[in-house]
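Tertiary structure, described
So the chains spell out like this:
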Amino acid sequence: MPETGNALEKPRVGLFVTCLVDSIRPNVGFAALALLEAAGCTVEIPLAQTCCGQPAYNSGADDATKPLARAVIETFEPYDYLVAPSGSCAGMIKAHYPELFADDPLWRERAEKLAAKTHELLSFLADLRGFRPRNVLCKATAAYHDSCSGLRELGVKAQPRALLDAVEGLELRPLEGEETCCGFGGTFSVKYSDISAEIVGEKARNVEAAGADLLLGGDLGCLINMAGKLRRDGARTRVFHAAEVLAGMADRAIGEEA
Amino acid sequence: MTAPAQDFHTRVEKALRDPQLKIALERTTGNARRKRAAAVAAWPDFEAARAAACAIKDHAIEHMATYLEMFENNARASGAQVHWARDAGEASRIVIDLCKASGAKVVTRSKSMLGEEIGLPHALAEAGLRRVETDLAEHIIQLAGETPSHIIWPAAHRTREDVAKLFDQYHHEKPEGHDVVSMVASARKELRADFFTAEVGISGANFLVAETGAICTITNEGNAELTTTPPRVHIVTAGIEKIVASTEHALQLTRLLVRSATGADLTQYTTFHCGPKRAGDRDGPEEFHIVLVDHGRTRMLAEMPEMLRCLRCGACLNHCVVYRAIGGHAYGGAYPGPMGSVLTPVFDGLEQSRDLPAACTLNGQCKQVCPVDIPLPTLLRHWRARSFRAGHEPKAVSLAITIWAFFAARPRLYRMAQAAALPALRLFAKGGWISSLPLGSGWTATRDFPKPPRQSFLAAIRKGATR
Ligand code: SF4
């Protein structure tokens, strides 16, 4: 099947940028685009995309989630891969779309097919593309936070570290409780903001104790949560999505103005 | 059996304001996490043991009726009396009637979460029976007039310093010092006489063994043996999900249960109790009663059978960021933490307890450490969906979700709203950050929020931007 062969050589990737990156930090989207292209992919960015529906799904609003999930399925079905710069959104599509349509054989099948070709960005680059950044410089020490969905639903752990290892000048520092939730939890951080604040407080203390210049991670929601707390506490740690560092696009950290 | 859950937020606020609570919780759960991690790391094939444990429980759950019947027959043959209770009220009534029939005035009790679930402490008090809690931590919270805040360490919310104060205040013979040894010695003296005057001893059970009709208790302090052996009557209360096919199965599960709970290989006491004292036995109760409690479990069999695997090890509590932040009392049910947030809606009703499954980040660490691989996040989400469908969610929340989903399903409308919202939000920012977010004041009470960009990523892409 020559077509498949071609696809693997230069696969067509649909970039699902995620609603948070789209609205809050476009730089992560541009970094993802650059990395995927550098990794030999043809990248398309469907303009009809909005959100994977996770906020509704985790609020128990299954009926409100379904139209959003169907739209993502329809939009991204034509590509060889759906790639998202977020373990949480990729996990939603990969692990939860099939559950969402458990009682709907037609859509379940389509959801399962899309799930099979859906990937979180960093693990896609490392595992499926064998990619390593070249000639990327970042003279800094960094701590890495493993966001929960990526870690536990998708097994993203070694890949970001392997990629960051190839960045010249970057030194990863251990972070106490790196696998412990930062307290974001999507709508949880607003509905139960006081509990969320307590949890991210502990995280921020651990990040400061790590003493690194940068805090990196693979999920913008968690990063905004931690960055916002660090900033409120007066810490000087600069926070980036790992893709920004890997693409050499880590100029302005979260919250830094031009 | 619990305080109404409507004031979850109030209880949370109270817990978060208590710096002592945080210290106490961190000591207990931090220790437990470290010890469990060491025990799991030292286990040659933990994952295989976990899979085997799941299979053992699933087998027992699938054939629950058969094994319960086998258990009943074998227990009867050993001389035990078996009672069936449909719900909490019935279970408590059976126990109280048995106490009354035996003419008891003093009742000793060794720690049992099922007892808390069915409201037994309260029922005993109402019946005018003097209840003596013999587990050290239960003794502490009895002195303090509290309920357990952890299923393994009921006094996890209290620091050692707190406990010293309680003992000084209430013990007939004050502790000689505030070191652990002196305090334990003081509690031992305080309880000693009651062990031998109590007419009835009440315990729970970790396992009900179908093939022998025995019940198994797993404890550390020896108080269970002193609660179940000297009194004339021993009453066991146990949930029907405690059933296992064989002694071998019970022992296999014990290995996982104990390591997950405390990190130890075994507890000090693993005791199988089978029937009353026989002719020629030197000790043991004359009457041995087993109260088998359903209380929602057959409903769970249909709705969430995985939850019936739960061994009550407490690992999910120790690893839960929410539990560690708010402690057990804030949950308002007999069982706190992730497992409690799944169980409390079964026992107390979903409308009452809808906050519990909602107040969770779904980070999945509970499932990761659960020795019987219960998909706790999935079950919590199941309750959220039920609650949303039933209209229990606050109107403002369900409306916000519905409106947002309406826009998100219409990309053109969504883009227009987004294009209007981003510049508007920027007006609230100072130097790259928003420190007071409209509609997000909960967030910005303790955290800043980054200033959003002028235009979204997709708007920039549409205009041909490349970075
Ligand atoms: S749910 Fe799992 S981890 Fe939690 S108490 Fe039960 S067995 Fe232990």
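Since the model is a prediction, treat every value here as computed from it, not as a measurement.

1. Here's the deal with the site of the ligand
Around the ligand, the structure places Cys-310, Leu-311, Arg-312, Cys-313, Gly-314, Cys-316, Met-339, Cys-370, Pro-371, Val-372, Ile-374 and Leu-376 of chain B. Of the residues contributing to the shell around the ligand, the split by class is ten nonpolar, one polar and one charged.

2. Overview of helix H5 (residues 62–76) of chain A
All names here are of chain A. Under the 1.5 Å per step criterion, the end-to-end length of H5 is 21 Å for 15 residues, consistent within 8% with the ideal 21 Å. What H5 keeps buried is the set Asp-62, Thr-65, Leu-68, Ala-69, Val-72, Ile-73 and Phe-76. Here the buried residues of H5 occupy an arc of 140° about the axis, which is enough to place them on one side.

3. As for the environment of Arg-232 of chain B
All names here are of chain B. Secondary-structure assignment places Arg-232 in the loop between helix H11 (223–228) and strand S7 (233–239). Judged by its relative accessible area of 32%, Arg-232 is partly exposed. Distance from Arg-232 to Val-397, taken between C-alpha atoms, is 56 Å for residues 165 residues apart in sequence. Residues in contact with Arg-232, not counting those within four places in the same chain, are Ser-102, Glu-199, Pro-285, Glu-286 and Glu-287.

4. Points about the sheet that holds strand S3 (residues 81–84) of chain A
Strands belonging to one sheet form pairs held by backbone hydrogen bonds; the direction of such a pair is parallel or antiparallel. Residue and element names in this part refer to chain A. The strand order S2-S1-S3-S4 describes an open sheet built from four strands, whose pairing is parallel. Only two strands of the sheet have a single partner each, and these edge strands are strand S2 (42–44) and strand S4 (118–120). Here the average twist between neighbouring strands, direction ignored, is 35°. Bridge count for strand S1 (residues 12–15) against S3 is three bridges, and the pairing is parallel. The residue bridging Val-13 from the neighbouring strand is Tyr-81, located in S3. Each of S3 and S4 is contacted by helix H6 (residues 87–100), which is oriented at about 160° to S4, the strand it contacts most.

5. A look at the sheet that holds strand S5 (residues 137–144) of chain A
Residues and elements named next belong to chain A. The strand order across the open sheet built from four strands is S6-S5-S7-S8, with neighbouring strands paired in parallel fashion. If you trace the sheet from one side to the other, it starts and ends with strand S6 (168–173) and strand S8 (238–241), each paired once. Neighbour-to-neighbour, the strand axes of this sheet turn through a mean angle of 35°, independent of strand direction. The sheet contact formed by S5 and S6 spans five bridges and is parallel. Residue pairing in the sheet places Ala-143 in a bridge with Arg-173 of S6. Strands in contact with helix H13 (residues 220–232) are strand S7 (214–217) and S8; relative to S8, the strand with the most contacts, it is inclined by about 175°.

6. What about a nonpolar patch on the surface?
Together, Phe-406, Leu-413 and Met-416 of chain B make up an exposed nonpolar region whose accessible area comes to about 290 Å². On the secondary structure map, Met-416 of chain B appears in helix H22 (residues 411–426).

7. A short note on the pattern of salt bridges
Enumeration over the complete set of coordinates arrives at 50 salt bridges over all chains. Here Asp-448 of chain B makes a salt bridge to Arg-231 of chain A, at a shortest N to O gap of 3.0 Å. With Asp-448 of chain B in the loop between helix H23 (441–444) and strand S13 (449–450) and Arg-231 of chain A in helix H13, this residue pair bridges two chains. Since its relative accessible area comes to 4%, Asp-448 of chain B is described here as buried. Look at the salt bridges and you will find they share partners, linking Glu-198 and Glu-202 of chain A together with Lys-22, Glu-26, Arg-33 and Arg-324 of chain B into a network.

8. Some words on the nonpolar core
Ile-195 of chain A together with Met-307 and Ile-326 of chain B are the most contacted members of the largest nonpolar core, which totals 93 residues. Counting residues per element, this core draws most heavily on helix H3 (residues 46–62) of chain B, at seven residues. With 72 residues, the next largest nonpolar core counts Ala-39, Leu-175, Ala-253 and Ile-254 of chain A among its residues.

9. A short note on the domain arrangement of chain A
Residue and element names in this part refer to chain A. In terms of domain boundaries, chain A breaks down into domain 1 (12–127) and domain 2 (133–257). Of note, the centres of domain 1 and domain 2, computed from C-alpha atoms alone, are 22 Å apart. Listed per partner, the contact involves 29 residues of domain 1 and 28 residues of domain 2. Note on domain 1 versus domain 2: buried area summed over both sides is about 2,100 Å², and carbon and sulfur give 69% of it. If you sort the residues of domain 1 by the area they bury against domain 2, Leu-20, Arg-25 and Leu-122 come out on top, with a joint share of 28%. At the surface where domain 1 touches domain 2, the tally comes to one salt bridge. For Glu-244, the salt bridge goes to Arg-25, with nearest N and O atoms at 2.9 Å. Where domain 1 packs against domain 2, one counts eleven residue pairs in polar contact (both at pLDDT 80 or more). Within the residue set of the side of domain 1 that touches domain 2, elements represented by two or more residues are helix H2 (19–24), helix H3 (26–38), H6 and helix H8 (121–128).

10. Considering H8 of chain A
All names here are of chain A. With six of eight residues buried, H8 is to be regarded as a mostly interior element. Along H8, the residues classified as buried are Leu-121, Leu-122, Ser-123, Phe-124, Leu-125 and Ala-126. Near the N-terminus of H8, the side chain that reaches the backbone nitrogen of Leu-122, with its oxygen 3.1 Å away, is that of Glu-120. Two residues or fewer past H8, Gly-130 is found with a positive phi of approximately 55°.

11. Side note on the environment of Ala-210 of chain A
Residues and elements named next belong to chain A. Locating Ala-210 in the fold gives a position in helix H12 (residues 193–210). A C-alpha to C-alpha distance of 24 Å links Ala-210 and Ser-86, two positions 124 residues apart in sequence. Beyond its immediate stretch of four places on either side in the chain, Ala-210 contacts Ala-143, Arg-173, Pro-174 and Leu-175.

12. Comments concerning the confidence of the model for chain B
All names here are of chain B. Summing up the model confidence of chain B, the mean pLDDT is 95 and the portion of residues at 70 or higher is 99%. The low-confidence segment residues 1–5, where pLDDT is below 50, has 18 contacts with residues more than four positions distant or belonging to other chains. With a pTM of 0.95, the predicted complex shows an ipTM of 0.95.

13. Re the packing of aromatic side chains
Both the distance between ring centres and the angle between the ring planes are used here to describe each pair of aromatic rings. A full pass over the atoms with the stated rule returns 13 aromatic pairs over all chains. Both rings, one in Tyr-81 of chain A and one in Phe-124 of chain A, keep their centres 5.0 Å apart while their planes meet at 65°; by these two values the pair is edge-to-face. Of the two residues, Tyr-81 of chain A sits in strand S3 while Phe-124 of chain A sits in helix H8, which places them 43 residues apart along the sequence. What makes Phe-124 of chain A buried here is its relative accessible area of 0%. With a centroid separation of 6.0 Å and 80° between ring planes, the pair formed by Tyr-192 of chain A and Phe-8 of chain B is classed as edge-to-face. In this pair, Tyr-192 of chain A is assigned in the loop between helix H11 (188–191) and H12 and Phe-8 of chain B in helix H1 (residues 8–16), connecting two distinct chains. The class for Tyr-192 of chain A is buried, based on a relative accessible area of 2%. By relative accessible area, which is 1% here, Phe-8 of chain B ends up buried. Through pairs of rings, three or more aromatic residues link up here, namely Phe-16, Phe-76 and Tyr-79 of chain A. Note that Arg-259 of chain B overlies the ring of Trp-43 of chain B, its terminal NZ or CZ placed 4.5 Å from the centroid. The aromatic ring of Phe-406 of chain B is capped on one face by Arg-410 of chain B, whose charged end is 3.7 Å from the ring centroid.

Analysis parameters
Residues numbered from 1 in each chain as written. Chains lettered and ligands numbered in written order. Predicted model: local features only at pLDDT ≥ 70, side-chain atom pairs only at ≥ 80, totals over all residues. Heavy atoms only, no water. Near = heavy atom within 4 Å. Nonpolar A, V, L, I, M, F, W, Y, C, P; charged D, E, K, R; others polar. Helix = DSSP H or I, 4+ residues; strand = E, 2+ residues; numbered from the N terminus. Expected span 1.5 Å × (residues − 1). Buried < 20%, exposed > 50% of the residue type's maximum accessible area, 1.4 Å probe, protein only. Arc of directions from axis to C-beta. Contact = heavy atoms within 4.5 Å. Pairing = 2+ DSSP bridges. Axes fitted to C-alpha atoms, helices over the stretch in contact; angles between N-to-C directions. Patch = residues over 30% accessible without salt bridge, like charges linked within 9 Å, V, L, I, M, F, W, Y side chains within 5 Å. Areas by Shrake-Rupley, 256 points an atom, 1.4 Å probe, with all protein chains shown as cover. Salt bridge = Lys/Arg side-chain N within 4 Å of Asp/Glu carboxyl O. Core = buried A, V, L, I, M, F, W, Y, C linked by side-chain atoms within 4.5 Å. Domains from an automatic or database assignment. Buried area = accessible area lost by both parts, 1.4 Å probe. Polar contact = N/O pair within 3.5 Å; in protein donor to acceptor, adjacent residues only side chain to side chain. pLDDT = per-residue confidence, 0-100. Phe/Tyr/Trp six-rings, centres within 6.5 Å; stacked < 30°, edge-to-face > 60°. Lys NZ or Arg CZ within 6 Å of the ring centre and 35° of its normal.

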